[in-house]
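So the chains spell out like this:
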Amino acid sequence: MSAKLRNIGPKSAAWLRQVGLRTAEDLAAAGSVGAFVKVRRAGFKPSLNLLYSLEGALQDCHWQELPEARRAELVAEYDAIIADKPLKKAPPASGPVYDRTVANDDEGDGSDAAFDTDDDR
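An account of the accompanying structure is given in this report. (Residues numbered from 1 in each chain as written. Predicted model: local features only at pLDDT ≥ 70, side-chain atom pairs only at ≥ 80, totals over all residues. Heavy atoms only, no water.)

**What to know about the side chain of Ser-32**
Stage number 1. Mapped onto the elements of the fold, Ser-32 is located in helix H2 (residues 24-41).
Stage number 2. Within polar-contact distance, the side chain of Ser-32 engages the side chain of Glu-55 at 2.7 Å.
Stage number 3. Excluding anything up to four places from it in sequence, Ser-32 contacts Leu-51, Leu-54, Glu-55, Leu-58 and Leu-74. (Helix = DSSP H or I, 4+ residues; strand = E, 2+ residues; numbered from the N terminus. Polar contact = N/O pair within 3.5 Å; in protein donor to acceptor, adjacent residues only side chain to side chain. Contact = heavy atoms within 4.5 Å.)

Here it is as C-alpha cells:
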C-alpha cells in the first residue's frame, strides 16, 4: 500500500501488494472480503484478523471496534465465496515418492544393466 492505512502493518501491506492491491482505491474497489480472498488464494494464510483489519481500514476505525454483527457478516460473505469456489490445496512440498524395484535380467546371472558400474572412471 502506498498510503499508510489504519490497521495495515508491513506484512499485510506486502501481501496486498503481491496480489495487486497497491492503493487505498484498489482496496476499496476489491472490498475487504474480496481482498482477503485474493490474499488467501495467493497461498498466504492470514487469520480472520486480516479480514477485520481490512474492513476497519475501509471504515477508518480500529479493527477491534467493528461490531460483532459486522464481523459475522464478513465471515459469512467469505464463507459463501469459498463455498462457491473452494481454495485449492497447496501442492506437496516435494514431488511424489515412488518405490521402484528392478527385476533381475533374463540371463539369471543377477546383473542388471541399470546398476552396472564402470570401474575405469
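**Thoughts on the nonpolar core**
Stage number 1. Ranked by size, the top nonpolar core spans 24 residues in total, and within it Ile-8, Leu-16 and Leu-54 carry the most contacts.
Stage number 2. Those elements that provide at least two residues to this core are helix H1 (10-18), H2, helix H3 (48-59) and helix H4 (68-84).
Stage number 3. Considering each element in turn, this core owes the most residues, six residues, to H2.
Stage number 4. In this view, Leu-54 contacts Ile-8, Leu-16, Leu-27, Ser-32, Ala-35 and Phe-36; residues no more than four positions away in its chain are not counted. (Core = buried A, V, L, I, M, F, W, Y, C linked by side-chain atoms within 4.5 Å. Buried < 20%, exposed > 50% of the residue type's maximum accessible area, 1.4 Å probe, protein only.)

**Focus: H2**
Because each turn of an α-helix spans 3.6 residues, side chains separated by three or four positions in sequence point in the same direction.
Stage number 1. Compared with the 26 Å implied by 1.5 Å per residue over 18 residues, the 20 Å span of H2 between its first and last C-alpha is markedly short.
Stage number 2. Of all the bends in H2, the greatest measures close to 100 degrees and is centred on Gly-31.
Stage number 3. Turning to H2, its buried residues number three or more, namely Leu-27, Gly-31, Ser-32, Val-33, Ala-35, Phe-36, Val-37 and Val-39.
Stage number 4. The elements touched by buried residues of H2 are H1, H3 and H4.
Stage number 5. Looking one or two places after H2, you find Gly-43, whose phi comes out positive at around 100 degrees. (Expected span 1.5 Å × (residues − 1). Bend = angle between axes of the 7 residues up to and from the residue.)

**Considering unusual backbone geometry**
Stage number 1. Phi is positive for Asn-7, close to 75 degrees, though the residue is something other than glycine.
Stage number 2. Within the secondary structure, Asn-7 sits in the segment before H1.
Stage number 3. Phi is positive for Asp-60, which is not a glycine, with a value near 55 degrees.
Stage number 4. Topologically, Asp-60 is positioned in the loop between H3 and H4.

Any functional reading would require information beyond the geometric quantities listed.
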